[in-house]
Amino acid sequence: MPLSSEPQDKPRSDLLVMFGASGDLARKKLFPAIYRLECRHRLGIPVIGVAREDWSDADLHEHCRSSIADAGEDWDQAAFDRLIARMTYVGGDYNDPTTFERLRGAAGLTRHPIFHFAIPPSMFATVADGIHAGGLAEGARLIIEKPFGRDHASAVALNTTLHEKFPESAIFRIDHFVGKEALRSLLVTRFANAIAEPLWNRTYVSSVKITMAEAFGVEDRGSFYDSVGALRDVVQNHLLQMVALLGMEQPVNEHSKALRDEKAKVLEACRVVEPEHFVRGQYAGYLDVAGVRPDSDTETYAAFRLDIDSPRWSGVPFFLRAGKALAETVTEMTIEFKSPPRPLWLRDHSHLPHNSIRIEAKPENFAAITWLHKEPGETMMPDVITLAPPPEERLDTGPEPYELLIEEAMKGDPTLFAREDSVLESWRIVERILTDHEPVERYAQGSWGPSSARRLTQHHGRWPGEPPAPPGPMP
Ligand code: NDP
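Given the structure is predicted, the values throughout are model-derived calculations rather than measurements.

Chemist: Looking at this model, I keep getting lost on the side chain of Thr 99. Mind explaining?
Modeler: Relative to the assigned elements, Thr 99 resides in helix H4 (residues 97-107). Residue Thr 99 is classed as buried on the basis of its relative accessible area, which comes to 1%. At 2.6 Å, the side chain of Thr 99 and the backbone oxygen of Asp 93 are in polar contact. Excluding anything up to four places from it in sequence, Thr 99 contacts Val 50, Val 90, Gly 92 and Asp 93.

Chemist: Explain H4 to me, please; I cannot follow it from the model alone.
Modeler: Think of an α-helix as turning once every 3.6 residues; residues three or four places apart then point the same way. Among the residues of H4, those classed as buried are Thr 99, Phe 100, Leu 103 and Ala 107. All buried residues of H4 lie within an arc of 90° about the axis, which places them on one face of the element. When the buried face of H4 is taken as reference, the exposed residues oriented beyond 90 degrees from it are Pro 97, Glu 101 and Gly 105. Among the structural elements, strand E1 (15-19), strand E2 (47-51), strand E3 (87-91), strand E4 (113-117) and helix H5 (124-133) are those in contact with the buried residues of H4. Just beyond H4, the residue with positive phi is Gly 108, at close to 65°.

Chemist: Would you take a moment to explain the site of the ligand for this structure?
Modeler: If you check the shell around the ligand, you find 23 residues, and the closest are Ser 22, Asp 24, Leu 25, Arg 52 and Lys 146. In the environment of the ligand, a nitrogen atom lies 2.7 Å from a nitrogen or oxygen atom belonging to the side chain of Asp 24. Contact with the protein chains hides 81% of the accessible area of the ligand, taken as 890 Å² for the molecule alone. A class-by-class count of the residues in the shell around the ligand yields eleven nonpolar, five polar and seven charged.

Parameters at a glance
Residues numbered from 1 in each chain as written. Predicted model: local features only at pLDDT ≥ 70, side-chain atom pairs only at ≥ 80, totals over all residues. Heavy atoms only, no water. Helix = DSSP H or I, 4+ residues; strand = E, 2+ residues; numbered from the N terminus. Buried < 20%, exposed > 50% of the residue type's maximum accessible area, 1.4 Å probe, protein only. Polar contact = N/O pair within 3.5 Å; in protein donor to acceptor, adjacent residues only side chain to side chain. Contact = heavy atoms within 4.5 Å. Arc of directions from axis to C-beta. Near = heavy atom within 4 Å. Areas by Shrake-Rupley, 256 points an atom, 1.4 Å probe, with all protein chains shown as cover. Nonpolar A, V, L, I, M, F, W, Y, C, P; charged D, E, K, R; others polar.

Put into structure tokens, the structure is as follows:
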């Protein structure tokens, strides 16, 4: 069952054009995604790859084949044959209008083409103009990759440019995180459990902590990453989308507008992050990565406190952190509950852990509850146990995020895509700390980031995964 029940009168796309067919995203994610769709007989339309390479159709087919193989997909020769039988290549520069004329020729009699912008963001407006000038805008849909703008002003400008040629309903701003099984199941966790929803608010929750940690560095993407940094790369989009899903009210109906309205309201209620609530770091060795400026101050780690002025969340801090070269690769959200009144038989219960719900999105996909129970024996001391599904039920067996999202865009269902107001609100929230901040604090690779980040959560326990602070000097 899909997440939304959009009216089914929207025409399905009849052509997929992949701009950036020679790029990293196309290779790692997009070719495997359309192959998986084809395996399930869910694609079934012509595909045109566009890039600057001097390729033939056969070169594109070979590139597609090796991308799918490198992704470790099970091989289905019949599906692959069907896919490449409908796949052609158009070479050319996006700054050259004849590229779009040739694309128009290759597109044939399409009425509802869908264009995936797997290209540098600096080319988004140029390509949108080229589609329009090439006579391909009518009935078209655009899947626009992140980042959508570099800040609030550039996102407004990009929206304005796109809207000159395309209605908002044709624009699908993709954030593949939102297509992850764990984020979609968050709505079930929240709204289908009678023991979750009534407690999911400022009366019972003391704080919310969100982590997106990667144990690896920027690898071969130094030049790209150095111009972006953690805030723009993952926080403004992925982490704030998680905040929206964790914080929103139940949508009033199952249509995409209702869900997107609720997400937008949460972001609108978020305060602008203050520099004193922001910690930025850079892992030791980052400056030696190829493509990184020798004196770079780009953050590879960002953590901050976010306050939401809504009736549900007023006074409950949300702590967000994201970073590279950290101790683990893990994406998780932890909802920490307040302490109950002191149990009668305990003089001091300040040391007792609190209940919490931890939702892991990566590497596994599950929700776990920490529960206090009585230690066996004479004692009446509470002890903590974790209630979680067994490992075999934590697997992510659904469609890959790009597989799901490309299909949703082909159907014209915008539910899982970012609407313009949400994107602009997200930029507003981080706008100040994009420029008003301290220099980066160096941190060791394999650690949990700058030590200052611990101060952020000072009165709200530790960040998940972090050991207790070492004992201070003896008084
Ligand atoms: P790459 O630099 O690897 O690929 C960019 C593509 O655009 C290449 O095919 C390149 O062609 C083409 N291109 C650039 N300029 C022109 C031009 N003037 N005319 C014709 N083609 C051009 O980028 P990525 O694939 O990494 O990223 C693409 C988009 O996806 C970006 O917006 C990125 O932020 C986003 N994204 C990427 C992810 C990833 O893991 N890579 C993850 C999530 C989002 P050529 O080969 O000829 O240079």
